[in-house]
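Fold and contact review
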Amino acid sequence: MTLQILLAISAILFAFGLAAALSRSNAIMILIGIELMLGAGNLNFIAFWRFAANPSDLAGIMFAIFSIAVAAAEAAVGLAIIILVHRRIKSVEADDASNLKG
């Protein structure tokens, strides 16, 4: 695979994630869209690392691992918030959460 093919795949994956995050009102589907966008970013990190002048330097892999750790933390916190909102209002729709004003 060439760098251009990997970047095109990453752009398509990011576009799907962005469309999912913006077009859904279900909070879980919004989180899935955000995870797709983070996966596209990881694919870019790995692609640029692989085709760099010095691929023995592990900077691209370290960025990807750090990004995966941040994505896991984001998913855990996001799901915890969704569970708490579901316990309070019995819905996971993002529009229904606007009624939670203090």
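Whatever comes next refers back to the structure up there.
A few points on the structure. (Residues numbered from 1 in each chain as written. Predicted model: local features only at pLDDT ≥ 70, side-chain atom pairs only at ≥ 80, totals over all residues. Heavy atoms only, no water.)

**Digging into the packing of helix α1 (residues 3-23) against helix α2 (residues 27-50)**
To describe two helices that pack against each other, one gives the angle between their axes and the distance between the axes. At a minimum axis separation of 7 Å, α1 and α2 run at an interaxial angle of 165°. Taken together, the axis directions place α1 and α2 in an arrangement best described as roughly antiparallel. At the point where α1 passes α2, the crossing takes the left-handed sense. Residues Leu3, Leu6, Leu7, Ile9, Ser10, Leu13, Phe14, Phe16, Gly17, Leu18, Ala20 and Ala21 of α1 form the contact with α2, whose own contacting residues are Met29, Ile30, Gly33, Leu36, Met37, Gly39, Ala40, Leu43, Asn44, Ala47 and Phe48. A breakdown of the residues in the contact of α1 with α2 according to their chemical character gives 18 nonpolar, 5 polar and no charged. (Axes fitted to C-alpha atoms, helices over the stretch in contact; angles between N-to-C directions. Helix = DSSP H or I, 4+ residues; strand = E, 2+ residues; numbered from the N terminus. Parallel < 35°, antiparallel > 145°, perpendicular 65-115°, else oblique. Left-handed = near helix turned anticlockwise from the far one by under 90°. Contact = heavy atoms within 4.5 Å. Nonpolar A, V, L, I, M, F, W, Y, C, P; charged D, E, K, R; others polar.)

**Considerations on helix α3 (residues 59-89)**
In an α-helix, one full turn covers 3.6 residues, which means residues spaced three or four apart are oriented alike. For α3, built from 31 residues, the straight-helix expectation of 45 Å at 1.5 Å per residue is met to within 8% by its first-to-last C-alpha distance of 44 Å. Taken together, the buried positions of α3 are occupied by Gly60, Ala64, Ser67, Ala71, Gly78, Ile82 and Val85. Looking at the buried positions of α3, the neighbouring elements they touch are α2. Looking one or two residues beyond α3, the residue adopting positive phi is Lys90, at roughly 60°. (Expected span 1.5 Å × (residues − 1). Buried < 20%, exposed > 50% of the residue type's maximum accessible area, 1.4 Å probe, protein only.)

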